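Per-entry structural report
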Amino acid sequence: MTKKDLRIVFFGTPDFAVESLRKLVEAGYNIAGVVTMPDKPAGRGHKLLHSPVKQYALSAGLRLLQPVKLKDPEFVDELRSLKADLFIVIAFRMLPEVVWTMPPLGTFNLHASLLPLYRGAAPINRAVMNGDKRTGVTTFMLKHEIDTGDILRREEVDILPDDNVGDVHDRLMYLGADLTLDTVGHIIAGDLTPIPQDQIPGGIQPTPAPKIFAEDCIIDWNRTAEQIHNQVRGLSPYPAARSAFDPGTGRQEIMKIFKTRIVDGIPGAEPGTVTATPDMRMTVATGDGRAIELLEVLPAGKKRMSAEAFLSGAKLDRPYFSAK
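How each quantity is defined
Within each chain, residues carry numbers counting from 1 in the order of the written sequence. Under the rules for a predicted model, residues below a pLDDT of 70 receive no local features and side-chain atom pairs below 80 are neither given nor counted, while totals for whole chains, interfaces and linings still include all residues. As a rule here, side-chain values come from all non-hydrogen atoms in the structure, and water together with hydrogens is ignored. When a carboxyl oxygen of Asp or Glu is within 4 Å of a side-chain nitrogen of Lys or Arg, the pair counts as a salt bridge. Comment: elements are numbered from the N terminus, with helices defined as DSSP H or I runs of at least four residues and strands as E runs of at least two. Exposure categories follow from relative accessible area, calculated using a 1.4 Å probe and restricted to protein chains: below 20% of the type maximum is buried, above 50% is exposed, and the middle band is partly exposed. By this definition, two strands are paired if DSSP reports at least two bridges between them. What the arc covers is the set of directions going from the helix axis to the C-beta atoms. Contact definition: two residues touch when any of their heavy atoms are within 4.5 Å.

Side note on the pattern of salt bridges
Per the counting criterion, the structure on display carries 14 salt bridges. For the salt bridge of arginine 126 with aspartate 216, the shortest nitrogen-to-oxygen distance reads 3.2 Å. You can see arginine 126 sitting in helix α5 (residues 123–129) and its partner aspartate 216 sitting in the loop between α6 (165–189) and α7 (225–234), a full 90 residues away along the chain. As far as burial versus exposure is concerned, arginine 126 and aspartate 216 are alike and both buried. One salt bridge in this structure joins arginine 261 and glutamate 293, with 2.8 Å as the shortest N-O distance. Of this pair, arginine 261 sits in strand β11 (residues 253–263) while glutamate 293 sits in strand β14 (residues 291–298), and the two are 32 residues apart along the sequence. Judged by its relative accessible area of 41%, arginine 261 falls in the partly exposed class. A residue is classified by how much of its surface remains accessible, and glutamate 293, at 3% relative accessible area, is buried. One network of salt bridges, in which partners are shared, links Arg134, Glu156 and Asp158.

A look at the pairing of strand β7 (residues 107–111)
When you tally the buried positions in β7, you get 5 out of 5 residues, the bulk of the element. Alternating residues of β7 divide into Thr107, Asn109 and His111 and Phe108 and Leu110, and every residue in both groups is buried. Both strand β6 (residues 86–90) and β7 contribute to a ladder of 4 bridges, which runs parallel. What sits directly across from valine 89, in β7, is asparagine 109. Pairing analysis gives 4 bridges linking β7 to strand β8 (residues 134–141), with the strands arranged antiparallel. Bridged to leucine 110 within β8 is threonine 139.

What about the environment of glutamate 19?
Within the secondary structure, glutamate 19 sits in helix α1 (residues 15–26). Separated by 295 residues in sequence, glutamate 19 and alanine 314 place their C-alpha atoms 43 Å apart.

Some thoughts on helix α2 (residues 52–59)
Of all the positions in α2, only Val53, Lys54, Tyr56 and Ala57 are classed as buried. In a view along the axis of α2, the buried residues occupy a sector of 165 degrees, so they form one face of it. Of the surrounding secondary structure, the elements contacted by the buried residues of α2 are β1 (7–12), α1, β2 (30–35) and β5 (64–65).

These values are about where atoms sit, not about what they do.
Here is the structure:
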């Protein structure tokens, strides 16, 4: 089978999926169709917004399907009419069995973790928030339970000390595109041996990566400086870690925090206590005696700025963050 003979249907929605689709198209693969989420209203005018995958599919002249319900008989029939040999799923909804069992070569997924680590919706966030030093991407065959299928290929990459989730997302996006291309090539060659996840060397235990909820974003200043620093990294640039901040007026407001570093603390300072120095540095005491220096923040009602810019325009009198 050649690239032109292999008919692929690609499922995806966000930017993370676009790079893999682009790589497949530019490599000369036969993309019989692209499935993405329906357009969503956005902004004050509720103008319908195309997903990044749709935008690319339209620019590349690819056939596009946008089902509201994946079990809809009309969609299933249209999908079947494409006579695809292989389905590829990247950052999309969970597929019903009637869909993922359709192609003769099966359906594989690209996941942004080293499975079985971080099964779920937020693998990149969770890896950075947990302070992991390594992560990667995995291709695996779909089965009934989410993110549990047999592994085809894996590729590792470092998480650098100052990386935030945006940095790691972009690195994995490009690494994942290469791995997607590599996986399809091996499928054509017929030399892949899928490996059950419980047989991965090293006895790696499955870990969950649930989606990020509002409570995950709230900083508890009683935690260690390292834990808080990793939380900020793992939520930046979106949705961002945050804390209730009282500049000394007795009225608290929410401040988002995008970038920090760990520094020496002030002995005896209560967690959440803010110190603003004459050289425009802003540090917050934590639960282990060290402190977090704030580098980039978003005060309520203002734009994202450096902590130095915030301090230059603020009048602070015994400021503090709510400990939790």
